[in-house]
Amino acid sequence: MPSRESPEQAIESLLERGYDACEIDFESGFWMDYPFAEKLGELARDNDVALSVHAPLFGFMGHLEASGRKFTSAVGALDRSAGIVAASGAELVVFHPGFLLGRAREDALDAVVEQLGTLRGRLEGKDRAVPFGIEVMGRVRDLGSIGDVVAIARRVEWVRPVLDFAHMHATSDGAFLDAAPFAEALALVDGVLEKASPVATRESGSAPPPPVGGSIPFHIHVSDIAYANRNETRHLPYGEGTLRVGPLAEALARFERPATIISESPDEESTQIIRGVLLGLRADLPTAVSAT
């Protein structure tokens, strides 16, 4: 969010920069109250700006025990994130899938699904039963591969996969250099979203209108990325690594489904370059041949 001063300044700044989507950044903690969220949502709808919410990083499911301080804090963070979505009419809560924590992958996935069920009961009681998006992560030997998030989304109907192509570029040792791997990942998610309900389940007056064409959009994170040993190390200014969005644009053109694309670049210039390439306003940079 480019401004935290007021909802008016936030939307004005987004529009001045040419953006029509924004992910509200709670990764490091909550900075917005519910009246702020309500006004922000009203202004976003008036100006056709799509909102989403990124939950705090500690807000994940799949703890070893569904009790104790860490679990309680995680549930509280996801509950409040859902409350902001309900107040603002945002599309979804983006959250991380958690960790293996020494378990077999199937056991960790089972724990995530079970604890999401517990969370859902709490949210339904507060009229916060909003869609959640589970993000592909950037560490190759932990929970959070595209296979993991698709498996969770298939088992939990209100959870959608969120593709982070920077993370996937890192864990594949730089394989996302042309349209084919992008299209393969999009096809997996497209199959999950095809079976999902296009409208949020809550009944509050702040619920967003049905998505364009009745389709749930792909929700995508992208930036250039540095990595080592198939694990992400940091997000890079666009052009310093090997990930490019031209092939992503080519892959998206193969699908009828709309997309909400969030840049996680560390600087405004990079985000503007990404925006320009995706909208066909500028040519992409050449793709380097060696990994960063």
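Residues numbered from 1 in each chain as written. Predicted model: local features only at pLDDT ≥ 70, side-chain atom pairs only at ≥ 80, totals over all residues. Heavy atoms only, no water.

Participant: Looking at this model, I keep getting lost on the overall build of the protein chain. Mind explaining?
Facilitator: Scanning the protein chain from N- to C-terminus turns up nine helices and nine strands. Rg of the C-alpha trace for the protein chain: 18 Å, near the compact-globule value of 19 Å for 292 residues, within the 12% margin. Each principal axis of the C-alpha atoms in the protein chain carries an extent, and together these give about 50 × 45 × 35 Å. Across the 292 residues in the protein chain, those meeting the buried criterion constitute 54%. Considering only residue pairs separated by 6 or more positions, the protein chain has 75% of its internal contacts joining residues 24 or more positions apart. Carbon and sulfur atoms provide 50% of the accessible area of the protein chain, an area that totals close to 12900 Å². When the 27 basic and 43 acidic side-chain charges of the protein chain are each reduced to a single mean position, those positions are 5 Å apart. (Helix = DSSP H or I, 4+ residues; strand = E, 2+ residues; numbered from the N terminus. Rg over C-alpha atoms; globule rule 2.2 N^0.38 Å. Buried < 20%, exposed > 50% of the residue type's maximum accessible area, 1.4 Å probe, protein only. Contact = heavy atoms within 4.5 Å. Areas by Shrake-Rupley, 256 points an atom, 1.4 Å probe, with all protein chains shown as cover. Lys, Arg positive; Asp, Glu negative; His and termini not counted. Charge placed at Lys NZ, Arg CZ, Asp CG, Glu CD.)

Participant: Can you help me understand the packing of aromatic side chains in this one?
Facilitator: To describe a pair of aromatic rings, one takes the distance between the centres and the angle between the planes. Applying the stated rule across the entire model yields ten aromatic pairs. Ring geometry for Phe132 against Trp158: centres 5.3 Å apart, planes inclined by 90°, an arrangement best described as edge-to-face. Residue Phe132 is found in strand S4 (residues 132-135), and its partner Trp158 is found in the loop between helix H5 (146-155) and strand S5 (159-164); the two are separated by 26 residues along the sequence. Given the relative accessible area of 0%, Phe132 is considered buried. We classify Trp158 as buried; its relative accessible area is 12%. Both rings, one in Phe165 and one in Phe176, keep their centres 5.7 Å apart while their planes meet at 55°; by these two values the pair is tilted. Taken together, the residues Phe165 in helix H6 (residues 165-171) and Phe176 in the loop between H6 and helix H7 (179-193) connect sequence positions eleven residues apart. Take Phe165 and Phe176: they sit in the same class, and that class is buried. In this structure an aromatic cluster arises from ring pairing among Phe26, Phe30, Trp31 and Phe36. Sitting above the plane of the Tyr238 ring, Arg244 keeps its charged end 5.4 Å from the centroid. Here Arg257 stacks its cationic end above the ring of Phe218, 5.8 Å away from the centre of that ring. (Phe/Tyr/Trp six-rings, centres within 6.5 Å; stacked < 30°, edge-to-face > 60°. Lys NZ or Arg CZ within 6 Å of the ring centre and 35° of its normal.)

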